[in-house]
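A structural walkthrough
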Amino acid sequence: MGHVLLAGGGEFGGAMAEPDRRAIVLAGGTESQIDIIPAAAAPDNNHHRAGSRGVQWFRNLGATQVVSRRLIDQMSANDATIAEPLSQARLIYLLGGFPAHLANSLTDTRSWHSMTQAYETGGVLGGSSAGAKGSEYRGAEEESGGVFPSHVRMIPMPDRGESARAEIFPFYRWSPC
């Protein structure tokens with residue numbers, strides 16, 4: 001099993017550099033495949049810019065194999081040309097935006113299945129802001145009221161000048177459905 005990176009927000013503002021570097025190491029290093037998923041930014045048509053910023057951010061941290069997948073809704077999440085490469089990714093990073101749209105985009109899709117495969121083979125699933133707001137996803141673990149086990153707590157998003165925070169957990173299950 002892999003790891004999960006939960007970030008409270010501000011993913012590309014500098015505060016997340018150290019947790020993201022650690023995620024790169026856990027994913028196998030700077031030559032590992034990193035896939036950016038901008039679906040949560042699609043409702044306000046920000047997915048191109050957000051995806052490009054994600055690619056640039058991880059490249060600035062030394063990663064060499066970074067792509068932004070055009071996964072923006074359930075139709076694209078079921079596209080084999082998008083879904084199949086995700087199973088080989090070592091770090092999959094879900095960007096911020098609209099949590100409900102992200103959950104609806106991934107639920108019961110080929111891409112989610114591929115992301116699960118990547119995680120089960122040691123990959124890192126990361127998310128910031130909407131990408132980390134597991135408590136809003138359906139199909140939660142009964143004891144925790146969210147998709148995360150009860151020992152995993154959500155990290156508050158920065159507000160009024162607070163610093164972004166992140167934690168990385170060894171993990172056994174993460175599901176938006």
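Procedures and definitions
Residues numbered from 1 in each chain as written. Predicted model: local features only at pLDDT ≥ 70, side-chain atom pairs only at ≥ 80, totals over all residues. Heavy atoms only, no water. Helix = DSSP H or I, 4+ residues; strand = E, 2+ residues; numbered from the N terminus. Buried < 20%, exposed > 50% of the residue type's maximum accessible area, 1.4 Å probe, protein only. Contact = heavy atoms within 4.5 Å. Areas by Shrake-Rupley, 256 points an atom, 1.4 Å probe, with all protein chains shown as cover. Salt bridge = Lys/Arg side-chain N within 4 Å of Asp/Glu carboxyl O.

Turning our eyes to something else, we now look at the overall build of the protein chain. Along the protein chain, the regular secondary structure elements total six helices and six strands. Ordered by position from the N terminus, the helices and strands of the protein chain form the series β-α-β-α-β-α-α-β-α-α-β-β. Of all 177 residues assigned to the protein chain, the portion counted as buried reaches 53%. For the protein chain, the share of sequence-separated contacts (at least 6 apart) that also reach a separation of at least 24 residues comes to 77%. Summed over its atoms, the accessible surface of the protein chain is roughly 8,000 Å², and 49% of this surface lies on carbon and sulfur atoms.

Before going further, it helps to examine the pattern of salt bridges. If you walk through the whole model with that rule in mind, you get two salt bridges. Here Glu18 makes a salt bridge to Arg21, at a shortest N to O gap of 3.8 Å. Taken as a pair, Glu18 and Arg21 lie in helix α1 (residues 17-26) at a separation of three residues, close to a single helical turn. Looking at Glu18, the relative accessible area reads 55%, which means it is exposed. In this structure, Arg69 and Asp35 form a salt bridge, with 2.8 Å as the shortest nitrogen-oxygen distance. Placement of Arg69 in the loop between β3 (65-68) and α3 (74-77) and of Asp35 in strand β2 (residues 33-37) is noted, with a sequence separation of 34 residues between them. The same class applies to Arg69 and to Asp35, which are both buried.

Right, let's get into the environment of Ser129. If you trace the backbone, Ser129 turns up in the loop between β5 (124-128) and β6 (166-170). Remark: the alpha-carbon pair of Ser129 and Gly10, spanning 119 residues in sequence, is separated by 7.7 Å.

With that out of the way, let us pick up unusual backbone geometry. Its identity is not glycine, yet Asn45 carries a phi of approximately 55°, on the positive side. Relative to the elements of secondary structure, Asn45 occurs in the loop between β2 and α2 (47-60). The exposure class of Asn45 is exposed, given its relative accessible area of 59%. Backbone geometry at Asp108 places phi at a positive 55°, although glycine is not the residue there.

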